[in-house]
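# Working through the structure, step by step
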Amino acid sequence: MTDVDLDNHRAHADVTDELVGDVRAGLTAGQKWLPPKWFYDADGSELFERITALPEYYPTRSEREVLATRAGDVAQLTGAHTLVELGSGSSEKTRLLLDAFTGHGTLEAFVPLDVSESALAEATAAISADYPKLDVRGVVGDFTQHLDRLPGGQPRVVAFLGGTIGNFLPAERAAFLRSVRDVLDEGEWLLLGTDLVKDAGVLERAYDDAAGVTAEFNRNVLRVINTRLGADFDPDAFEHVSYWDAENEWIEMRLRSRGWQTVEIPGAGLTVEFADGEHIRTEISAKFRPGGVEAELGSAGFAVERWWTDSQQRFGVSLARSVRG
């Protein structure tokens, strides 16, 4: 497999300091929380890839269906020279876009960005080998912090797929979309995947699979804290919980303490007590309606040019152009 260089903007010390800040803020709050980005060490990335193949987890299949039928349209409409993918993971779905763009003849560079160096290195090497005419440059970074570090020639398409936009709270989402707009020139593009509001049962099964893979993925955030901060969490002492919040129209994932327990986190200088049944919120996954997506993109400085869904109308993909703002 081809070796490739990565631009790494997440030095070990900086990542540790960031984790310490999140752990201190989240686990001392009245309602404890942890950000979902800390799921993703090498084990967490592998667990998430397993989730995407589960029968209950429809988003990956639904989005892939859209990309399989519409990637050619994206290439033709944008004529992009650079494809940037945020939170790329394995970049498996992105190959549909790469095939379409290379077939169209305009694409020169592919820039995947991900917080997991191991997952990014593997994916980038594979893509570089399979698309030898592309300039492939992986960026290890956080898409909330390092958008201004992205290389590549214009015009660009920034792909933010998988429904990951739903992991932001509404105010965070607005700020993030504006930050993407701020790094693009007028006329450049955002390709956005958004999971849509649907039957609560379908949603809840997608985040609580029968095989228990999502539960292990959820508990992996505790293993990351153990590894990086020397904590003594017993992951099995926390139960995976997920439910549909109809008022906010999002799935919420939590970890629920099985009994009273005390956890030492030396790397953060914390001793944290958990009451029996106390929760840590680890993720929200907001679901969207088409009009809401268009409104949020409009507020951030984008105009939706195309809107596509899969055959069951479970998942939406929008292609939006950055406009003067």
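Quick look at the structure, then. (Residues numbered from 1 in each chain as written. Predicted model: local features only at pLDDT ≥ 70, side-chain atom pairs only at ≥ 80, totals over all residues. Heavy atoms only, no water.)

With that settled, consider the environment of T164. Counting through the fold element by element, T164 comes out in the loop between β7 (156–160) and α6 (170–183). In sequence terms T164 and G87 are 77 residues apart; their C-alpha atoms lie 8.1 Å from each other. (Helix = DSSP H or I, 4+ residues; strand = E, 2+ residues; numbered from the N terminus.)

This paragraph deals with the packing of helix α3 (residues 58–78) against helix α4 (residues 94–104). Helix-helix packing is described using two parameters, namely the angle between the two axes and the distance between the axes. Where α3 meets α4, the axes come as close as 8 Å, and the angle between the chain directions of the two elements is 30°. Taken together, the axes of α3 and α4 lie roughly parallel to each other. For the pair α3 and α4, the crossing hand works out as right-handed. Residues R64, L67, A68, A71, G72, V74, A75, Q76 and T78 of α3 form the contact with α4, whose participating residues are L96, L97, A100, F101 and H104. The residue inventory of the contact of α3 with α4, partitioned by class, reads nine nonpolar, four polar and one charged. (Axes fitted to C-alpha atoms, helices over the stretch in contact; angles between N-to-C directions. Parallel < 35°, antiparallel > 145°, perpendicular 65-115°, else oblique. Left-handed = near helix turned anticlockwise from the far one by under 90°. Contact = heavy atoms within 4.5 Å. Nonpolar A, V, L, I, M, F, W, Y, C, P; charged D, E, K, R; others polar.)

Here we come to the side chain of D195. Positionally, D195 belongs in strand β8 (residues 189–195). Residue D195 is classed as buried on the basis of its relative accessible area of 2%. Separated by 2.8 Å, the side chains of D195 and K198 make a polar contact. (Buried < 20%, exposed > 50% of the residue type's maximum accessible area, 1.4 Å probe, protein only. Polar contact = N/O pair within 3.5 Å; in protein donor to acceptor, adjacent residues only side chain to side chain.)

Counting across every chain of the model gives 12 aromatic pairs. For the ring pair Y40 and F217, a centre distance of 5.5 Å and an interplane angle of 65° mean the geometry is edge-to-face. Remark: F217 occurs in helix α8 (residues 213–229) and Y40 occurs in the loop between β2 (32–33) and α2 (42–52); sequence separation between them is 177 residues. On the numbers, 5.8 Å between centres and 65° between planes, the contact of F233 with F238 is edge-to-face. Like F233, the residue F238 is buried in the burial classification. (Phe/Tyr/Trp six-rings, centres within 6.5 Å; stacked < 30°, edge-to-face > 60°.)

Overall, the coordinates contain 18 salt bridges when judged by the stated rule. Between E239 and R256 there is a salt bridge; the shortest N-O distance is 3.0 Å. Of this pair, E239 sits in strand β9 (residues 238–245) while R256 sits in strand β10 (residues 250–257), placing them 17 residues apart in sequence. Where salt bridges share partners, they join E18, K37 and D142 into one cluster. (Salt bridge = Lys/Arg side-chain N within 4 Å of Asp/Glu carboxyl O.)

Ranked by internal contacts, the top residues of the largest apolar core, which has 38 residues, are V23, I225, F233 and I265. Among the secondary structure elements, those contributing two or more residues to this core are α1 (12–27), α2, α7 (200–206), α8, β9, β10, β11 (261–265) and β12 (270–274). Apart from the residues lying within four places of it in its own chain, the contact partners of I265 are V23, L27, I225, L229, A231, F233, L270 and V272. Counting residues in hydrophobic clusters, the runner-up holds 27 residues, among them V84, L86, F160 and A320. (Core = buried A, V, L, I, M, F, W, Y, C linked by side-chain atoms within 4.5 Å.)

Attention now moves to the pairing of strand β14 (residues 302–309). Bridging between β14 and strand β15 (residues 315–322) involves seven bridges; their strand directions are antiparallel. For A303, the partnering residue across the bridge sits in β15 and is R321. In sequence, β14 turns back onto β15 through a hairpin of five residues, with Q313 there showing a positive phi of about 55°. (Pairing = 2+ DSSP bridges.)

Attention shifts here to unusual backbone geometry. Its identity as a non-glycine residue notwithstanding, E249 has a phi of 55°, on the positive side. For E249, a relative accessible area of 21% corresponds to the partly exposed category. Positive phi, close to 55°, is recorded for Q313, a residue that is not glycine. Positionally, Q313 belongs in the loop between β14 and β15. Taking relative accessible area as the criterion, Q313 reaches 57% and is therefore assigned exposed.

On to α6, then. With 14 residues, α6 extends 21 Å from end C-alpha to end C-alpha; this agrees with the ideal 20 Å at 1.5 Å per step. Those residues of α6 lying buried are R173, F176, L177, V180 and R181. One side of α6 holds all its buried residues, which, seen down the axis, span an arc of 140°. In α6, the exposed residues that point more than 90 degrees away from the buried face are A171 and D182. (Expected span 1.5 Å × (residues − 1). Arc of directions from axis to C-beta.)

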